[in-house]
Amino acid sequence: MGLVLPPIEAYQVQHLPIVKAYADKIGVVEVINQLVPTEMAIDPGTIVLGMILDTLSGRSPLYRLEEFFTHQDTALLLGKAVPPEAFQDDTVGRVLERLYAVGSMKIFTACAVRADQVYGLDKRYVHFDTTSISVYGEYRPPEEAEESVAPFRITYGYSKDKRPDLKQFVFSTLCVDRAVPLWGKPEDGNASDKTINNTLLSTIATFLATHGVAPGAYIYVADAALVTEDNLAALGDTLFITRLPATYNECGRLITEAVAHNTWDEVGVLAHTKPTRQRPVTSYKAYESHVTLYGTAYRAVVVHSSAQDKRRQQRLERDIQASYSTAQAATWRAEQQEYFCRADAEAAAMQLRAVHTAYHQVDVTVEERPVYGRGRPSPQKPRPIKAMRYRLKTTISPQTEHITRLEAEAGCFVLLTNVPTAGPLAHSARDILTVYKDQHGTEQNYGFLKDPVIVNSLFLKKPERIEALGLVLLLALLIWRLMERAMRTYVDTTNTPLPGWDKKATERPTAFMMVTKFTGVIVVKLGHDRRLARPLSGVQHQYLTALDVPATCFTLPTG
């Protein structure tokens, strides 16, 4: 009898075993299986883990889950061998409905609590933001649909995607430790950020209490939509940092005051990354003042950025050009006119000087233009002047001091806060700006939540399933941010930068940067044994050390 060798299989696993390791760290499968009862052949936790892996594999459409796992080592990535047919659309759709029935936020909160227990997240700053997610297809309103009750309305509203022709829903998130999500929820497509803020403020203290955060021990950070009379009243004693909208007259007054006083405190550079030719360094300076809104006094921090607000700067440039064109048109017509007496010319000059332009000044002088008699002039005798005519000579000059002041104002914005300047929670102007700039991390999260291919998957024709999908995406985002947080914590605590782009060391590694380092990892499976097609490189070992994940995650199934 001949020797029969076990089949040899090869899988391009890339970074996915690391994702599986982090899912195990916070017990995603365990938590979901405890909370979501089901009699299905495959447990819901494994289905959700599969969706997370697919989401973080490169953004392939979720309705191709079955196709995705046809080419994967499911025992390695899921902890047990699962046939690809288990991820067919009907099965995944039923799991999403079960997740919604149990409560998507109940499930996510349980996973977030586990993540907090494992990693000790910094919950001093709570960042809130929203985005709109456009969808295709006919999503009928609840009163026209078969089921009268829906978790949210998919309808037309203000589109942050610049797609007012499409229906949408709004997704809101609450993040801590710069960008780690603790809470997320889909809202009606026409919901206002101001209203969502107000609703959340009434429950945020209770929600954070589940994470062990006492009232008064955190600072709520949100964008300018927070500033309304109702929201400021709802905040009460809650500490907050936000941006004062430019629509408030007080915003313009504060900026004008700061530029006029010119007593800035240098904040300097806040960026952790080195500047490049395309992205020069940005430095900041701050001016402290106060403002009273709806009868309550607040701290106001006017911030000037060396990288001036491009939108305001462009508007100012357009206004300056329009001012020059207006003055030029008026002076051109005046210069074509000829006057027969000086009095008329002087009167016209006075009238032209009164032409109002916001950014330019018109200087006018009266020039004499003699009219000579006929005949050739003689060297001994000057030409006789027959008459005298008068014309205007104009010069358009910019109001340099005024324009310089406006350019300085264009680079300013105002932060509004009630955070004290003394005591345990005291924050300087630099601290206020640093915390507010971390809001950008929350905004970056929406790259996960705005993929139209995923949102419009074949099995997502009901808002209930979309809400459950939001849970899956939030869990994927939670793992993504935990990996990034682990790498940056490692760099900060060990003072050891990691290899970044173009083999340059970086102190701000990103999860996407890590993904690119493991693109060529292939696992060869021979029977029950697994080994790497080629050994891990030194760079890959450095990243695994920073992530606190053993290299055996690529060859030894866990679960």
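Check the entry above for the structure.
A. Structural context of the sheet that holds strand β1 (residues 8-12). Sheet architecture is open: three strands sit in the order β1-β15-β16, paired in antiparallel fashion. With one partner strand each, in any of the chains shown, β1 and β16 (529-532) form the two edges of the open sheet. Each neighbouring strand pair of the sheet contributes to a mean axis angle of 25°, computed without reference to strand direction. In terms of strand pairing, strand β15 (residues 522-526) meets β16 through four bridges, oriented antiparallel. Note on β16: the bridge partner recorded for K525 is R530.

B. Fine view of the nonpolar core. Grouped together as the largest cluster of nonpolar side chains are 120 residues, with contacts concentrated most on I18, Y22, I52, L99, Y220, I479 and F554. What I52 contacts, discounting residues up to four positions off in sequence, is V19, V28, V472, L475, A476 and I479. I241, L270, V301 and L433 belong to the second-largest nonpolar core, a separate cluster that totals 19 residues.

C. Structural view of the pairing of strand β12 (residues 412-417). A large share of β12 lies buried, amounting to six of its six residues. By the bridge criterion, three bridges tie strand β6 (residues 239-243) to β12 in an arrangement that is antiparallel. Within β12, the residue paired with R243 across the bridge is L415. Judged from the six bridges that link them, strand β9 (residues 296-305) and β12 form a sheet pairing that is antiparallel. By the bridge assignment, V301 is partnered in β12 with L415.

The rules behind the values
Residues numbered from 1 in each chain as written. Predicted model: local features only at pLDDT ≥ 70, side-chain atom pairs only at ≥ 80, totals over all residues. Heavy atoms only, no water. Pairing = 2+ DSSP bridges. Helix = DSSP H or I, 4+ residues; strand = E, 2+ residues; numbered from the N terminus. Axes fitted to C-alpha atoms, helices over the stretch in contact; angles between N-to-C directions. Core = buried A, V, L, I, M, F, W, Y, C linked by side-chain atoms within 4.5 Å. Buried < 20%, exposed > 50% of the residue type's maximum accessible area, 1.4 Å probe, protein only. Contact = heavy atoms within 4.5 Å.

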